[in-house]
Amino acid sequence: MKTFEELGISPALLQAIRELGFENPMPVQEAVIPLLLADRTDIVALAQTGTGKTAAFGLPIIEQVDITNKKPQALILCPTRELCLQIAGDLNDFSKYVADLKVLPVYGGSNIESQINALKKGVHIVVATPGRLQDLINRGAIKLGEVSKVVLDEADEMLNMGFQESIDNILQEVPEDRNTLLFSATMPKEIANIAKNYMTNPKEVTIGHKNVANENVKHSYYIVQARDKYLALKRIADYNPNVYGIIFCRTRKETQEIADKLIQDGYNADSLHGDLSQTQRDYVMQKFRLRNIQLLVATDVAARGLDVDDLTHIINYGLPEDAEVYTHRSGRTGRAGKTGISISIINLKEKGKIKDIEKKINRPFEKANIPNGREICERQLFSMVDKMERVDIADDEIDSYLPVIYRKLEWLSKEEVIKRFVSLQFNRFLDYYRNAPELSLPDEKGERSRDKDDRKKGSRKAEKGFTRMFINIGKIDGLYPNHIIEMINDCMPKDRINIGRIDLMKTFSFFEVESGSADRLIKELKRLSYNGRKVSVEVAQDSNDDKDKKPKKGSGKKGGSGRRSYR
Ligand code: AMP
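The residue numbering used here restarts from 1 in each chain and proceeds along that chain's sequence as written. Note on the predicted model: pLDDT of at least 70 is required for a residue's local features to be given, and 80 or more for side-chain atom pairs to be given and counted; whole-chain, interface and lining totals, by contrast, use all residues. Based on all heavy atoms of the structure, the side-chain values leave hydrogens and waters out of the count.

S.K.: I'd like to hear about a negative patch on the surface, residue by residue, with values.
M.R.: Note that patches include only residues with greater than 30% relative accessible area and no salt bridge, and the join distances are 9 Å for like charges and 5 Å for nonpolar side chains (Val, Leu, Ile, Met, Phe, Trp, Tyr). Methods summary: accessible areas were calculated by the Shrake-Rupley approach with a probe of 1.4 Å, and residue burial reflects only the protein chains presented. Basic side-chain nitrogens of Lys or Arg form a salt bridge, by our definition, when they fall within 4 Å of a carboxyl oxygen of Asp or Glu. The convention is simple: Lys and Arg are positive, Asp and Glu are negative, and His and the chain ends are not counted. The atom standing in for a charge is NZ when the residue is Lys, CZ when it is Arg, CG when it is Asp and CD when it is Glu. On the surface, a cluster of negative charge is contributed by Asp395, Asp396, Glu397 and Asp399. Each helix is a run of DSSP H or I of at least 4 residues and each strand a run of E of at least 2, with the numbering of both proceeding from the N terminus. Tracing the backbone shows Asp399 in the loop between α18 (395–398) and α19 (402–409).

Structure representation (structure tokens):
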């Protein structure tokens, strides 16, 4: 392995990076720095965040800036405002001992006038999000005619975020003989196209394997019943008392709901998603960076800007559709040489995706069992005892209180004192898990045959004069036949409706009602919610009533604001 000096880094920069704690170059730096310093090779680097890529392109760029020329000489494009600020901050740190070097971050959502003023005063390196840069170009506020180095950082993310057109336009504005560097965690076709269209004989540098997840990350999955996902999440959090991680959800709504539940249940959690204002997002991210939050529940898009190195866990609350999204998520742990764990909580239906992801990332997943109450209590207990052993003791401040305390506790033996202090903290877990039922695992074979049985029952024809209805609640919701009868009677108290056969399935049910009341009943029933679930009713597919061949249009839609809660 070469040293930074051997790679050609000058003393001013060496001193700055030494102060940052960089002793030896990371692999991407060893590969990229000499290429950029020696000649103007275009480079496509497959490297994830956390591999040290900012210094890989940042140090040679700073080395080559002509301070006397106050026009932008290097342009770094990146997908988010947070990454933009992060890169600009890193470049400022690296150039601490390079007098008069100006780095300007330009990004959307902040005052464009102040960015224009800063540009007028002269900058050497511009770090930009594509949308805002395009805006500045359109206003004639920035000239890129002297740019000799262009970096496309997290290129795959920029394309995912729809910046292809802006990137195309921007690249028209920079001189053709520039040196272009492209960094990407994955290599989809579109990235290969950028390399083909805008780069000259690029050299490919791969840190790790193509589309392969970080080797320092262990991947495991838990299969649970869909309704138990949240309980499983709680158990995993309880089993890892020192967890510092991101829980990825698929939608903003789910993100908020899971965060709200965790907070209500006493966890140190918060949410990050696109429904929050930029100020709120900044606030949450800052709290998370400072570790004032242990569990951040986030959507993929909102978490993009967050750069935190020492996450212990990534928790996938369900798997993403796309294996590349999984690579991005899991790549947020196990950074800078540390190890990390990527956990997926899935239901049976998602199991097939595990195989696909394993193939794409070329790493195996380990099937894990949800810890039981006893295992969790044991982990919590030892973690607490461990903390107690390592706690800092402010002798000066507590000494004066101790004689009174000793006197008060004189009647207790050492064992008793320990037991009581431990109980003080630990009772919360004991209480919760003492009576908590263990989560039942879905039984794959049983599930399939039950599904088959359910479908058979579902296709039964209704009695003559009756319509067979489908309702989206079942045994899993604690439903009994009398509940269906009560609901129907409650909905239409003035009518005497004849109710026929009722078939309860696991997650849904069927019931028959006299055909004349079917339409009105659909309207009324969907105003209900049952055990917190919105009720949806439609005519069953195989009902023998002519008009019932298809579910009625709109019958499964959400009810209006007047929805009544049932049970
Ligand atoms: P990056 O991929 O550029 O976001 O870098 C990931 C982390 O590694 C950052 O916290 C950097 O400060 C750190 N880092 C980068 N290069 C080195 C190095 N040579 N030695 C130690 N840490 C480094």
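S.K.: Describe in detail the layout of surface pockets, supporting the description with residues and values.
M.R.: Here a cavity means grid points, on a 1 Å grid over the protein atoms only, where a 1.4 Å probe fits yet cannot get out; a pocket means an open set of points with protein on both sides within 12 Å along at least five of seven lines; lining residues are those with an atom within 4 Å of a point. Grid points are joined across faces, edges and corners, and a volume is the space filled by probe spheres set on the points. Approximately 800 Å³ is the volume found for the second largest pocket. Along the walls of the second largest pocket sit 23 residues, with Met388, Val391, Ile393, Val417 and Phe421 positioned nearest its centre. Elements with a contribution of two residues or more to the lining of the second largest pocket: α17 (373–390), α18, α19 and α20 (414–435). A total of seven residues in the lining of the second largest pocket trace back to one element, the largest contributor, which is α20.

S.K.: Which residues make up the sheet that holds strand β9 (residues 245–248), and what values go with them?
M.R.: One open sheet holds the seven strands; their spatial order is β10-β11-β9-β12-β13-β8-β14, and the pairing between them is parallel. If you trace the sheet from one side to the other, it starts and ends with β10 (269–272) and β14 (365–367), each paired once. Adjacent strand axes in the sheet meet at a mean angle of 25°, parallel and antiparallel pairs treated alike. If DSSP finds at least two bridges between two strands, the strands pair. For helices, the fitted line uses only the C-alpha atoms of the stretch in contact; every axis is such a line through C-alpha atoms, and the angle between N-to-C directions lies from 0 to 180 degrees.

S.K.: Tell me about the domain arrangement of the chain, residues and numbers included.
M.R.: Where interface size is given, it is often the accessible area lost as the parts come together that is meant. According to the domain assignment, the chain contains domain 1 (4–206), domain 2 (217–367), domain 3 (373–434) and domain 4 (444–560). Once you take the C-alpha centre of each, domain 1 and domain 3 turn out to be 52 Å apart. An automatic or database domain assignment supplies the start and end points of every domain.

S.K.: Kindly report on helix α4 (residues 53–64), identifying the contributing residues and their values.
M.R.: If you check α4, its first and last C-alpha atoms are 17 Å apart, about what twelve residues at 1.5 Å a residue would give, namely 16 Å. The rule is simple: take the accessible area with a 1.4 Å probe, protein chains only, and divide by the maximum for that residue type; under 20% is buried, over 50% is exposed, in between is partly exposed. Along α4, ten of the twelve residues are buried, which leaves the element largely enclosed by surrounding structure. Of all the positions in α4, only Lys53, Thr54, Ala55, Ala56, Phe57, Gly58, Leu59, Pro60, Ile61 and Ile62 are classed as buried. The span you would expect from a helix comes to 1.5 Å times its residue count less one.

S.K.: For the packing of helix α7 (residues 130–138) against helix α9 (residues 164–173), give the residues involved together with the corresponding values.
M.R.: A packed helix pair is summarised by two numbers, namely the angle formed by the two axes and the spacing between the axes. Where α7 contacts α9, the two axes come as close as 9 Å, and the packing angle between them is 45°. Classified by the angle between their axes, α7 and α9 sit oblique to one another. α7 and α9 meet at a crossing whose hand is left-handed. Residue-level contacts link Pro130, Gly131, Leu133, Gln134 and Ile137 of α7 to Ser166, Ile167, Asn169, Ile170 and Glu173 of α9. Residues are sorted three ways: Asp, Glu, Lys and Arg are charged, Ala, Val, Leu, Ile, Met, Phe, Trp, Tyr, Cys and Pro are nonpolar, and all the rest, Gly among them, are polar. Grouping the constituent residues of the contact of α7 with α9 by class yields five nonpolar, four polar and one charged. By the definition adopted for this analysis, an angle is roughly parallel if under 35 degrees, roughly antiparallel if over 145, roughly perpendicular if from 65 to 115, and oblique otherwise. Left-handed is the label given to a crossing in which the near helix is rotated counterclockwise from the far helix by less than a right angle, and right-handed is the label when the rotation is clockwise. A contact between two residues is defined here by any heavy atoms of the two lying within 4.5 Å.

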